[in-house]
Amino acid sequence: MQKDGEFTEIAVKTERAYCPYVRRFLEENAADVIAVGYKYAFLEKRLCLPLLSQKEKRLLITALVAADFKEDRSYVARRLYGFDNYSLDGVFHFRLQELKRRWEGVAEYVPTDMGASSLEGFLEFLTEDGENKLFVKDGRVYDEEYRPLSRSMLTGAETVIGEILLGGAGRVYCFGEADKETTTFLKKYYGGKATFC
């Protein structure tokens, strides 16, 4: 690994037999970085939401990222396929023009006068369509195969609520005591689809 200012370069060597698996792993994770991190930064710069607190704005942008995550990730992964070297900035600026236009459309659709009640309505809509089973324990979120999730870190702050949204939760199981904010969120937006053990 080599660092140069804001840029980091990672070189991976493996036996030829494992190359397809390592390449797929790298492409999936690079697609996550763009579909979550780049989109979050893109929307954060473009959305002016004076009626929302900073916390509500973060929640809204995370929810907007989560709403199209699967489609965005799949689109990005297809644009990364087949390269020997991946330059995320290069791919984003030159190979993802259509995706950036879609994100611009999302930003234009969000009204400047969006308030807390509109945010709540959007979150209710978003949480209805979740398909995945997620587990929360000791402030960490895990997928159905009990792998820890950390996509919300790409938004600049790793949070349980952000991870639940980005994980496309349909059902959430909390083991042990969850913090008050997470408990309130789950009871409000997931109701009977949240189980506290």
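Definitions and limits used
- Residues numbered from 1 in each chain as written.
- Predicted model: local features only at pLDDT ≥ 70, side-chain atom pairs only at ≥ 80, totals over all residues.
- Heavy atoms only, no water.
- Helix = DSSP H or I, 4+ residues; strand = E, 2+ residues; numbered from the N terminus.
- Buried < 20%, exposed > 50% of the residue type's maximum accessible area, 1.4 Å probe, protein only.
- Contact = heavy atoms within 4.5 Å.
- Patch = residues over 30% accessible without salt bridge, like charges linked within 9 Å, V, L, I, M, F, W, Y side chains within 5 Å.
- Areas by Shrake-Rupley, 256 points an atom, 1.4 Å probe, with all protein chains shown as cover.
- Salt bridge = Lys/Arg side-chain N within 4 Å of Asp/Glu carboxyl O.
- Expected span 1.5 Å × (residues − 1).
- Arc of directions from axis to C-beta.

Novice: So what exactly am I meant to see when it comes to the side chain of arginine 151 here?
Specialist: Its place among the elements puts arginine 151 in the loop between strand 4 (140-142) and helix 7 (160-166). Judged by its relative accessible area of 19%, arginine 151 falls in the buried class. Among all residues touching arginine 151, those that are not within four sequence positions of it are Asp32, Val36, Phe69, Arg73, Glu163, Leu166 and Gly167.

Novice: How should I be thinking about a nonpolar patch on the surface in this particular structure?
Specialist: A surface patch of nonpolar side chains, about 380 Å² in accessible area, is lined by Ile10, Val12, Phe25 and Leu26. With respect to the helices and strands, the residue isoleucine 10 is situated in the loop between strand 2 (7-9) and helix 1 (19-46). Assessed through its relative accessible area of 60%, isoleucine 10 is described here as exposed.

Novice: It is not clear to me how helix 5 (residues 97-109) should be interpreted in this structure. Could you clarify?
Specialist: Three- or four-residue spacings in an α-helix give side chains the same orientation, since the helix completes a turn every 3.6 residues. The end-to-end C-alpha distance of helix 5 is 19 Å, a good match for the 18 Å that 13 residues give at a rise of 1.5 Å each. Taken together, the buried positions of helix 5 are occupied by Leu99, Lys100, Trp103, Val106 and Ala107. The arc that holds the buried residues of helix 5, viewed along the axis, is 110°, so those residues lie on one side. Along helix 5, the residues that are exposed and aim more than 90 degrees away from the buried face are Arg101, Glu108 and Tyr109. On the buried face of helix 5, the contacting elements are helix 1, helix 2 (54-67), helix 3 (69-80) and helix 4 (88-95).

Novice: I would appreciate a short explanation of the environment of lysine 137 in the present structure.
Specialist: Along the chain, the position of lysine 137 falls in strand 3 (residues 132-137). With a relative accessible area of 44%, lysine 137 lands in the partly exposed category. Taking the C-alpha atoms as reference points, lysine 137 and threonine 14, 123 residues apart in sequence, are found 34 Å from one another. Among residues more than four places away in sequence, those in contact with lysine 137 are Tyr142 and Phe175.

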